[in-house]
Amino acid sequence: MAADRYFGLFMLVTALGYILNATTIQDSFITDPVGPRVFPYIIGGAIVLSAIAMIVKPDPDAEWPGLSILVQLAIALAVLLGYAFLIKPLGFIATTVLASGILAYQISHRPFASALTGVGLGVGLFVLFRFVLGLSLQGLPQMFIS
Amino acid sequence: MDLLANLALGFGQALTPYTLLLALIGCVVGTLVGALPGLGPSNGVALLIPITFSLGFDAMEALVLLTSVYYGCMYGGRISSILLNIPGDEPAMMTCLDGYPMAKQGKASDALAISGVASFVGSFLATVGLMLVAPLLARVAFKFGPAEYFALYLLAFCTLGGLGSNNQAKSAMAAAIGLAIAMVGLDKGTNMPRFTFGNLHLYDGIDFLVAIVGLFAVVEIFLFIESHGRNSAIGVKLEKITVDFKLIWSTRMSMLRGTFLGFIAGILPGAGASLGSFLAYMFEKSVAKDKATFGKGNPKGVAAPEAGNNAAAGGALIPMLTLGVPGSGTTAVMLALLLTLNITPGPLLFTERPEIVWGLIASLFIANIMLLVMNVPMVKVFVHVLSVPGFILLPGVTMVAFVGIYSLSGSSFDMLLMVGFGAMGYVFRKLDIPTVPVILGILLGNSMEDNLRRAMTLSDGDWTYLFSSPIAIGLWIFAIAGFVAPIFLRTFLKPPAHAEAADQD
């Protein structure tokens, strides 16, 4: 119940922001009868309508995970975001070992198996992508290369 | 014979030793990915598109490889549906209804053989149908102007939302969010930036591949952590594979009926494979004399939806190729594939690049035959995949997703966006908001707007132009009906499926 309403409210505000932002799109010397703003207005309007529908007539709530799982999910998200930042400076192997090791631990709760998974995926995928498939992945940290 | 000449052209393209090798690799990889619990065709193809591009294949090779993966996933998906009761995607759900009970009764090998043959019958006949119908539809599609295309896109969103989800508002919301995301970047008409917030990365728009990989692949890790590995592989014992030809032969009519219904459902823009397998199952149940055994391991309840599912996958390629409107999540991913290869689907594709169309059709035939051989006698090999534990599988999938996007663009920004889409996919899944319309919106958004603006330019700003031709009016009526009708039909259609699915646990 509540989740749909919160999401509807969030999207309502977002859509209004979207429409507001669309009003600032500039015209150029090339013009057509519709212009660059009308379609975004229509889309924003569609989101507003469906958001209102979600607020007025929400579905029964799904089962939301408890706090401990939310923390786990947040950790996983942080790992993935960190991966995106670290893959360049640290290279593929180290980052993948670290990230997949942590994710594996979150699923299995077995430290040794997870460490092994991390190393296996880090090295295995690197060999597969770099040497078998020939993608230009940089395996080692940047400082060792330059 | 035009048709035979075209087919010869297609096979000429797709039958070189190198492409055959690619097809074989694609079929194996596809079946493996499809067999992984919870992963289906759209996940598999989404995961592999970016990597395929980084490997620098030409259009034909990439097409052969990825259609083999697509069909391979369809075949592989039934393995996890039957043995674990975990469908890889929504259309495969109906196969679980009777497949899993069969496996529990120790008839797993029969269920696998029947579903393998049913998959073959469904997709083979659907490919024949595709070959016959698509050129005709392409000729009709020549009559489509911008107003008709605008209405057609609308129809796709409406029917996809109407039939595919439980709540109209949510699917409309999903489609609109996709369209809203598509607006980011430089406006094609005026070259003015829209919604870029001064961020240079956003000037090119948001790459649909990033969204697809995020929403279809990265999301799985979150769902898996939440479910705490509840769905993780369980030790599956499969006795010696014996093929009971008599039993398979006894389900032939179910397969043909399923194929027919699935194919028709697949052709409807927006409806796609879920509807195909659903209709095939429900129809089979209604004509059967032994209704009570459905849901308890009736072989016909495996044959019909599996044939329907695969036939719908073939049928769904028709609107995708001739009109550029995908009918399901997987065809949306296929459309993304074509667009990335710089192939614009539509009626012109058939006249200007026949080698692509017919090469694709030829590769579908080849993939099907390979898959039948691989999946009936050799199914045991693939069953082993099911015993790969989730804590290796899911991080592996996620890392492959990263490699794909990273090697495609080399930008951390795209990887962050991908993770963002993954998180969004998780929230949407929890809220029961479908993600396929989001993908469709991102894929079609720009050409939808483009067609609207061209229509308005033609009519000099007169909005009634959108309803000025019979085809356009027809499409609008279907769109509205497709959106509104399920609200009333839902009470009849949805509950039995859910009740039966719930019985399984």
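Residues numbered from 1 in each chain as written. Chains lettered and ligands numbered in written order. Predicted model: local features only at pLDDT ≥ 70, side-chain atom pairs only at ≥ 80, totals over all residues. Heavy atoms only, no water.

**Some details on the interface of chain B and chain A**
Defined as follows: A contact between two residues is defined here by any heavy atoms of the two lying within 4.5 Å. Accessible area that two parts lose when put together, evaluated with a 1.4 Å probe and summed over both, is termed the buried area. In the sections that follow, a salt bridge refers to a side-chain nitrogen of Lys or Arg positioned within 4 Å of a carboxyl oxygen of Asp or Glu. Pairs of N or O atoms within 3.5 Å make up the polar contacts considered here, provided that, within protein, one atom can donate a hydrogen while the other can accept it, and that residues adjacent in sequence are counted only when both atoms are side-chain atoms. Under the scheme used here, helices are H or I runs from DSSP no shorter than 4 residues and strands are E runs no shorter than 2 residues, and both carry numbers assigned from the N terminus. Under the scheme applied, nonpolar residues are Ala, Val, Leu, Ile, Met, Phe, Trp, Tyr, Cys and Pro; charged residues are Asp, Glu, Lys and Arg; polar residues are all the others, including Gly.
Counting residues at the interface gives 64 residues for chain B, matched by 65 residues for chain A. In this assembly, chain B packs against chain A so that about 5,600 Å² is buried in total across both faces, 80% of it on carbon and sulfur atoms. Where chain B packs against chain A, one counts 2 salt bridges. For the salt bridge of Asp59 of chain A with Lys170 of chain B, the shortest nitrogen-to-oxygen distance reads 2.8 Å. Connecting chain B to chain A are 7 residue pairs in polar contact (both at pLDDT 80 or more). Secondary-structure elements contributing two or more residues to the side of chain B that touches chain A are helix 3 (41-54), helix 8 (168-182), strand 2 (193-194), helix 9 (208-227), helix 18 (390-409), helix 19 (412-430) and helix 20 (436-459) of chain B. Partitioning the side of chain B that touches chain A into residue classes produces 41 nonpolar, 15 polar and 8 charged.

**Comments concerning helix 3 (residues 67-90) of chain A**
Note that an α-helix has 3.6 residues per turn; residues three or four places apart therefore point the same way. Inclusion rule: Under the convention used throughout, the expected extent of a helix is 1.5 Å for every residue step, that is, one less than its residue count. Each residue is assigned a bend, namely the angle between axes fitted to the seven residues that terminate at it and the seven residues that start at it. Working definition: with a 1.4 Å probe on protein chains only, accessible area under 20% of the residue-type maximum means buried, over 50% means exposed, and in between means partly exposed.
Its 24 residues place the ends of helix 3 of chain A 32 Å apart at the C-alpha level, agreeing with the 34 Å of an ideal helix rising 1.5 Å per residue. In helix 3 of chain A, a bend of some 35° at Ala84 of chain A exceeds every other bend along the element. The set of residues buried in helix 3 of chain A consists of Ile69, Leu73, Ala76, Val79, Leu80, Tyr83, Ala84 and Ile87 of chain A. Next to the buried residues of helix 3 of chain A lie helix 4 (92-108) of chain A together with helix 9, helix 18 and helix 19 of chain B. Positive phi appears at Gly91 of chain A, one or two residues downstream of helix 3 of chain A, with a value of about 80°.

**Examining the layout of surface pockets**
Residues and elements named next belong to chain B. Stated formally: Definitions used for this entry: grid spacing 1 Å over protein atoms alone; cavity, a set of points where a 1.4 Å probe fits but cannot get out; pocket, an open set with protein on both sides within 12 Å along at least 5 of 7 lines; lining residue, one with an atom within 4 Å of a point. Grid points are joined across faces, edges and corners, and a volume is the space filled by probe spheres set on the points.
Here the second largest pocket is characterised by a volume of approximately 1,100 Å³. Contributing to the lining of the second largest pocket are 48 residues, with Lys188, Thr344, Asn446, Ser447 and Asp450 lying nearest its centre. Counting residues per element, the ones that place at least two in the lining of the second largest pocket are helix 7 (146-164), helix 8, strand 1 (185-186), helix 9, helix 14 (329-340), helix 15 (347-352) and helix 20. Here the lining of the second largest pocket is composed, by residue class, of 25 nonpolar, 13 polar and 10 charged.

**Thoughts on the pattern of salt bridges**
Residue and element names in this part refer to chain B. In this structure the tally under the stated criterion is 11 salt bridges over all chains. Close ionic contact of Arg453 with Asp187 constitutes a salt bridge, the shortest N to O distance being 3.0 Å. Of the two residues, Arg453 sits in helix 20 while Asp187 sits in the loop between strand 1 and strand 2, which places them 266 residues apart along the sequence. Each member of the pair, Arg453 together with Asp187, is buried. Among the salt bridges present, the one from Asp450 reaches Arg454, with a minimum N-O distance of 3.9 Å.

**A short note on the packing of aromatic side chains**
Residue and element names in this part refer to chain B. Using the following cut-off: Stacked, tilted and edge-to-face pairs are distinguished by plane angle, under 30 degrees for stacked and over 60 for edge-to-face with tilted covering the rest, among Phe, Tyr and Trp rings (Trp via its six-membered ring) whose centres lie within 6.5 Å.
This model, assessed by the stated rule, comprises 15 aromatic pairs over all chains. When the centroid spacing of 6.3 Å and the interplanar angle of 45° are considered together, the rings of Phe150 and Trp476 count as tilted. Linking Phe150 in helix 7 with Trp476 in helix 21 (residues 470-503), this pair joins segments that are 326 residues apart in sequence. Here the two residues Phe150 and Trp476 agree in accessibility, since each one is buried. Grouping aromatic residues by their ring pairs yields a cluster made of Phe11, Phe120, Phe124 and Phe365.

**Some remarks on the domain arrangement of chain A**
You'll often see interface size given as the accessible area lost when the parts meet. For clarity, the threshold we go by: Each domain's extent was defined by an automatic or database domain assignment.
We note that the domain assignment places domain 1 (2-56) and domain 2 (67-145) within chain A. Centre-to-centre, using C-alpha coordinates, domain 1 of chain A lies 38 Å away from domain 2 of chain A.

**Concerning the side chain of Glu61 of chain B**
All names here are of chain B. Here is the rule we go by: Only four residue types enter the charge count: Lys and Arg as positive, Asp and Glu as negative, with His and the chain ends excluded.
Its place among the elements puts Glu61 in helix 4 (residues 59-84). The side chain of Glu61 sits in the buried core without any salt bridge; Arg353 is the nearest counter-charge, 12 Å away. Among residues more than four places away in sequence, those in contact with Glu61 are Tyr18, Thr19 and Leu22.

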